[in-house]
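Structure assessment
Below, each chain spelled out in residue letters.
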Amino acid sequence: MDVDAGHGAALGGALPTQPGELPLTRRLRSLLAWPTAETDPVSHLVRTHRGIHAGADPSVLRRAYTIAENMHRGQFRKSGEPYITHPLAVAQICADLGMDTTTLVAALLHDTVEDTRYTLQALHEDFGREVAHLVDGVTKFDKAFYGKAAEAETIRKMIIAAGRDVRVLIIKLADRLHNMRTLGVRSAASRERIARKTEEVLIPLCDRLGIQTLKRELDDVVLLHLHPEEHARIARHVHDRPGWDAYLEDVVAQVRVALRRNRVDADVSPRPRHLYSIWKDTVAGGHSSPYDLPRIAIVVDGPATDCYAALGSVHGLWRPVPGRFKDYIASPKNNLYRSLHTSVCGPKDRTVEVLIRTEEMHRSAEYGIAADYRFPRAGGGAAAARDEQLAWLHRVLDWEQDAADPAQFLESLRCDLSESQIQVFADGRQVVLPAGATPVDLAYELGTDRGDHCLAARINGRLAPLSSELEEGDVVEIFTENDADNGFEAETAPRGPRREWLGFVKSPQAQMQINRWFAEHTEPGISISDKVRLGRATIGLALRQHNRGLASDLPLLRLSEELGYPDLETLLVAVFDRVIEPDEVVRQLIDLVDHRQ
Ligand code: MN
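Keep in mind that what you see is a predicted model, and the values were worked out from it rather than measured.

Calculation criteria
Residues numbered from 1 in each chain as written. Predicted model: local features only at pLDDT ≥ 70, side-chain atom pairs only at ≥ 80, totals over all residues. Heavy atoms only, no water. Buried < 20%, exposed > 50% of the residue type's maximum accessible area, 1.4 Å probe, protein only. Helix = DSSP H or I, 4+ residues; strand = E, 2+ residues; numbered from the N terminus. Pairing = 2+ DSSP bridges. Contact = heavy atoms within 4.5 Å. Phe/Tyr/Trp six-rings, centres within 6.5 Å; stacked < 30°, edge-to-face > 60°. Lys NZ or Arg CZ within 6 Å of the ring centre and 35° of its normal. Donors = N, O, S within 2.8 Å, 3.2 Å for Na, K, Ca; no water. Axes fitted to C-alpha atoms, helices over the stretch in contact; angles between N-to-C directions. Parallel < 35°, antiparallel > 145°, perpendicular 65-115°, else oblique. Left-handed = near helix turned anticlockwise from the far one by under 90°. Core = buried A, V, L, I, M, F, W, Y, C linked by side-chain atoms within 4.5 Å. Domains from an automatic or database assignment.

All of the buried residues along helix H19 (residues 359-367) are Met361, Ala365, Glu366 and Tyr367. Looking one or two places after H19, you find Gly368, whose phi comes out positive at around 50°.

Here it is in structure tokens:
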């Protein structure tokens, strides 16, 4: 809350006053009309930001706010509030996450290019290249020009922009969070549509970036809009759990004593689940009443080894529930989440869930990729972790080159983000694959060459068909044609992938690579339709270097007319045959599209 505003109200004056301030000072303040919490809408934002980044310069935030306020003046949200309240709230969400000044500036301006006469070029001149890139990344494609594909194309564009600067996704998530918070004023139909899209793409993205603090709120607000009566039921349950607090207090106290006895320095606290998480477990377990176990978190002060010492203390205190121990420190989740999880049979025979982690693991569990911005002095280890965290994003961008259209790209993205994943072991490391993946998926995950030439697989020591579904924890060996001593007849083995693999592979990565192999290896008998497809992919690739994409054939169609081709196919074949340079096509396409918009 605004402390200054509180003082002002308490004193009954129009001006906020500092405690102990003399009347003269107050008069002077009024004469100088220095912006205060009541007159200055940016003060809360600035205070949050400087609370985390003490050296940050607030003047650029004020400048960004002034321009955004000016541009959006006269526009209103569906709730009737002035439009500027939205970008300000989005910037506040970013500030609370601990993002840097550049992100906050871009958040304040994120809707100006889309919704006002402020141009990207003006933005670039006023605030620089980085801010312009961030705002462009969250600017939607024009529905009027791109039609039905605008939405999928917008997501594709955003992902491409995020490949260069991941802050694009953080602004988009904050934008969606505020829109979801204020969804109440929309019609039931649009509430459901927006909530579904949030659930399908943005929440998995948020999860993959590891930003649990945002994800919890997004989860709960989706539940509120999609299942209002369930949301109310769980909220009621959480509100009146009899004896719950006293029980947790007792658990926490006993754990503290046990840890002290074992000389483990740690912070112990109750860790309630959020509504959506309780609801999900209730539904998954088929429970009639909300399924919600008491849960605590132990954040140790020392290194990761202290987590295991803490685990020993807890298991020495209460009997562990079999099958509930998970070591996400040795095997982090795909969003790099690390912690130990266990359940114990606690006081009064009630099951208690326990999370154990280091301070650093706790920070990255809460803030994920945003932790790098919130705690910038974390050092080289954090940068390496971020690279690893973004490896999936770059892989998604690799498919983007191959995906024929934005809808297919979106489908690949959804598949990659889907929660059902398994971990298997190969080449002495663990590999994350989509549930239902086969040895061929694994081979392509290990490397394109391994995939193209894989011959056979051994799963847990037994030879198995390449189409076998892998299961969690399988130890898999892949044999390829190139292995000198693979035990298979090299002469009789077919070269390259088999077409039937397309029938069983699960990962978009494997699918694309198999298709690519066939596209490359069917020359010189390459068909016109292949040339058309590859010509289109070439243009897509060149567009991507300009951070652009194509949602429909319309601009291409117009260009082919303008260049004097009889039809679009002929232009695409010409691109494939390099009769016309793809860069030239792209330059003209961008001209055409930007001009029409
Ligand atoms: Mn917005």
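Here five bridges tie strand S8 (residues 454-459) to strand S10 (residues 476-480), and the two strands are oriented antiparallel to one another. Residue pairing across strands places Ile459 opposite Val476, the latter belonging to S10.

Looking at the secondary structure, you find Ser467 in the loop between strand S9 (462-464) and S10. Along the primary structure Ser467 and Gly503 are separated by 36 residues, whereas in three dimensions their C-alpha atoms are 9.1 Å apart. Not counting chain neighbours up to four residues away, the residues in contact with Ser467 comprise Thr438 and Phe504.

For any two aromatic rings, the description comes down to two numbers: the centre-to-centre distance and the angle of the planes. Inspection of every chain in the model, using the stated rule, returns four aromatic pairs. Ring centres of Tyr328 and Tyr337 lie 5.9 Å apart, and the angle between their planes is 65°; this geometry places the pair in the edge-to-face category. Both residues of the pair, Tyr328 and Tyr337, belong to the buried class. Plain terms: the ring middles of Trp517 and Phe518 are 5.4 Å apart, the flat faces sit at 85° to each other, and that makes the pair edge-to-face. Phe518 matches Trp517 in its accessibility class, with the two residues each being buried. Between the NZ or CZ atom of Lys333 and the centre of the ring of Tyr328, over which it lies, the distance is 4.9 Å. Above the ring of Phe518, the side-chain terminus of Arg499 is found at 4.0 Å from the ring centroid.

Quick look at the coordination of the manganese ion now. Around the manganese ion, the protein supplies His86 (NE2), His110 (NE2), Asp111 (OD) and Asp175 (OD) as donor atoms, at distances of 2.2 to 2.3 Å. Counting the intervening residues between successive donors of the manganese ion yields the motif H-x23-H-D-x63-D. Within this pair, whereas His86 is found in helix H5 (residues 85-97), its partner Asp175 is found in helix H12 (residues 167-181), the two being separated by 89 residues in sequence. Note on accessibility: His86 and Asp175 belong to one class, buried.

Here we come to the packing of helix H9 (residues 129-138) against H12. At their nearest, the axes of H9 and H12 sit 9 Å apart, and the two run at 50° to each other. The angle between the axes of H9 and H12 places the two elements in the oblique class. Of the two elements, H9 crosses H12, and the hand of that crossing is right-handed. Across the interface between the two elements, Glu130, His133, Leu134, Gly137 and Val138 of H9 pack against Arg167, Val168, Ile171 and Lys172 of H12.

To summarise the sheet geometry, strands pair through backbone hydrogen bonds and adopt either a parallel or an antiparallel arrangement. As summarised here, the arrangement of the three strands in space is S9-S8-S10, forming an open sheet in which the pairing is antiparallel. Edge positions in the sheet fall to S9 and S10, since each has one partner strand and no second. Pairs of neighbouring strands in the sheet enclose a mean axial angle of 30°, with direction left out of account. Across the sheet, helix H24 (residues 439-446) touches S8 and S10, and the angle it forms with S10 is around 75°.

Spatial ordering of the open sheet is given by S1-S2-S5-S4-S3, a layout of five strands whose pairing is mixed. Each of the sheet's edge strands pairs with one partner strand only, and the pair in question is strand S1 (266-270) and strand S3 (326-327). As judged from the six bridges shared by strand S2 (residues 295-300) and strand S5 (residues 351-358), these two strands associate in the parallel manner. When the bridges of S5 are listed, Val299 appears paired with Arg357.

Further remarks concern the nonpolar core. Of all hydrophobic cores here, the largest spans 78 residues; its most connected members are Leu109 and Ile159. Here this core gets eight residues from one element, more than from any other, and that element is H12. Both of domain 1 (23-237) and domain 2 (241-383) provide at least three residues apiece to this core. Filtering out sequence-adjacent residues up to four positions away, Leu109 remains in contact with Ala64, Ile67, Ala68, Tyr118, Leu123, Phe127, Val131 and Val135. Core analysis: the next-biggest nonpolar cluster, separate from the first, contains 26 residues, Ile422, Ala457, Leu470 and Trp517 among them.

Another point: unusual backbone geometry. With a phi close to 60°, Arg263 is a non-glycine residue in the positive phi region. You can see Arg263 is positioned in the loop between helix H16 (244-261) and S1. You will see that Lys348, though not glycine, has its phi angle at about 55°, which is positive. Counting through the fold element by element, Lys348 comes out in the loop between strand S4 (340-345) and S5.

Our next topic: the pairing of strand S6 (residues 421-426). Relative to strand S7 (residues 429-434), S6 runs antiparallel, the two sharing six bridges. Directly across from Ile422, in S7, lies its bridge partner Leu433. Hairpin connection, S6 to S7: the antiparallel pair is bridged by two residues, and Asp427 has positive phi, about 50°.

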